[in-house]
Amino acid sequence: MATAKDIAKAAKLLKEGGVVAFPTETVYGLGADAFNEAAIARVFEIKNRPRFDPLIVHIADMKQLKTLARDIPAVARKLARKFWPGPLTLILPKTRAVPDIVTAGGETVGVRMPDHPIALRLIAACGQPVAAPSANPFGATSPTTAAHVREQLGKRVDMILDGGPCRVGLESTVVEFPARGKPRVLRPGGLAVEDIEAVVGPVAISAHSSSKPKSPGMLERHYAPRTRLVIGGKPGGKRVGLLKIFGLVPKGTFAAVEVLSAKGDLREAAAHLFAAMRRLDALKLDVIMAELAPEEGLGRAINDRLRRAAM
Ligand code: TXA
Ligand code: MG
């Protein structure tokens with residue numbers, strides 16, 4: 001676990017233009033000073049991420065929001081008050097201070113206040129907002145432990161802060177605010193759509209589109225293991241792994257089984273999803289067969305990730 005000394009060292013690295021992986025409640029992030037273009041460029045290189053895919057900027061307090069966003073819609077403020085710190089990213093009109101490389105040249109910036117003591121202390125000690133995508137190579141499964149980051153990015157980052165396993169385990173829910181009409185969910189995530197609607201009323205949800213992604217994270221194939229993953233169906237191939245959402249381990253046929261929540265809890269299932277996908281991926285199976293979750297609460301985000309992994 002990261003100590004106060006580790007956090008101070010990481011903050012110093014960020015101030016000097018370094019790149020630091022850090023825990024949040026959703027997944028681990030790969031952070032750089034949001035106002036340091038050279039440092040951000042390194043984040044894109046390390047991830048092998050296309051420059052058209054904008055980054056989320058992480059803040060530790062509402063003062064930092066002012067340096068990033070302007071003309072914040074009332075509904076967005078309401079959501080921030082209710083759910084920050086938490087797994088919610090708001091797409092807002094950006095100030096001129098935000099470098100183009102962060103927003104991929106766009107006029108909006110994604111902002112979120114993570115609900116994790118190490119992340120909040122790191123950002124506060126850095127003194128600047130921290131731009132951070134998930135700490136995985138582009139298209140791969142997001143890391144929910146420091147060991148996942150080490151396996152995937154290892155020596156390419158200046159430092160990895162260990163905060164243990166992520167509590168939520170799925171990336172944040174991304175919401176934009178069109179000038180006309182309802183708020184729109186661009187990526188289902190760790191905050192359930194139902195919870196958002198309870199505060200601001202009905203929202204729109206973006207349909208998948210690979211040809212014209214609204215949010216580049218909406219690219220269809222994403223979050224993917226190397227092993228072929230299929231949704232449902234009959235087990236084909238010699239060594240089949242089963243990714244089950246709820247219930248008991250079935251007898252026979254499968255070379256390996258992962259059950260995300262034996263007791264049927266969607267939050268627990270979400271928290272275990274990515275680590276379970278990685279464990280199955282490490283077994284060199286012919287195929288991973290996945291079940292879908294009920295399409296409600298965090299089940300939507302679980303199913304979104306499974307469907308993209310299956311593309
Ligand atoms: O939970 C999370 O959101 C994690 C942790 C580290 O905070 N971060 C994360 O970042 O998942 P990333 O880069 O893997 O995903 C960010 C998503 C992408 O789908 C990106 O396209 C979208 O947010 N995004 C960022 N800025 C945007 C903007 N200005 N407009 C539309 N979409 C944006
Ligand atoms: Mg990502």
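Procedures and definitions
Residues numbered from 1 in each chain as written. Chains lettered and ligands numbered in written order. Predicted model: local features only at pLDDT ≥ 70, side-chain atom pairs only at ≥ 80, totals over all residues. Heavy atoms only, no water. Pairing = 2+ DSSP bridges. Helix = DSSP H or I, 4+ residues; strand = E, 2+ residues; numbered from the N terminus. Axes fitted to C-alpha atoms, helices over the stretch in contact; angles between N-to-C directions. Contact = heavy atoms within 4.5 Å. Domains from an automatic or database assignment. Buried area = accessible area lost by both parts, 1.4 Å probe. Salt bridge = Lys/Arg side-chain N within 4 Å of Asp/Glu carboxyl O. Polar contact = N/O pair within 3.5 Å; in protein donor to acceptor, adjacent residues only side chain to side chain. Nonpolar A, V, L, I, M, F, W, Y, C, P; charged D, E, K, R; others polar.

Draft legend 1. Quick look at the sheet that holds strand β14 (residues 287-290). The four strands are arranged β11-β14-β12-β13 in an open sheet whose pairing can be described as parallel. The open sheet is flanked by β11 (229-231) and β13 (256-261), the only strands paired with a single partner. Within the sheet, the average angular offset between the axes of one strand and its neighbour, ignoring direction, is 20°. When strand β12 (residues 240-246) meets β14, the two strands line up parallel, connected through four bridges. Bridge pairing links Leu 243 to Ala 290 in β14. Here helix α9 (residues 266-281) sits on the sheet and contacts β12, β13 and β14; the angle it forms with β13, its principal contact strand, is near 160°. Against the sheet, helix α10 (residues 299-309) touches β11, β12 and β14, its axis set at about 125° to β11.

Draft legend 2. Just the domain arrangement of the protein chain, in detail. Looking at the assigned domains, one finds that the protein chain contains domain 1 (4-205) and domain 2 (229-309). For domain 1 versus domain 2, the distance between C-alpha centres works out to 27 Å. With 23 residues of domain 1 at the interface, the matching set in domain 2 holds 16 residues. Summed over both partners, the interface of domain 1 with domain 2 comes to about 1400 Å²; 56% of that surface belongs to carbon and sulfur atoms. It is Thr 141, Leu 170 and Pro 188 that lose the most area in domain 1 upon contact with domain 2, and together they represent 36% of the buried surface on that side. For the pair domain 1 and domain 2, the interface holds two salt bridges. Its salt-bridge partner being Glu 194, residue Arg 300 comes within 3.5 Å of it at the nearest N-O pair. Between the two partners, domain 1 and domain 2, sit nine residue pairs in polar contact (both at pLDDT 80 or more). Contributions of two or more residues to the side of domain 1 that touches domain 2 are made by α7 (146-153) and α8 (193-200). Its residues assigned to classes, the side of domain 1 that touches domain 2 shows nine nonpolar, eight polar and six charged.

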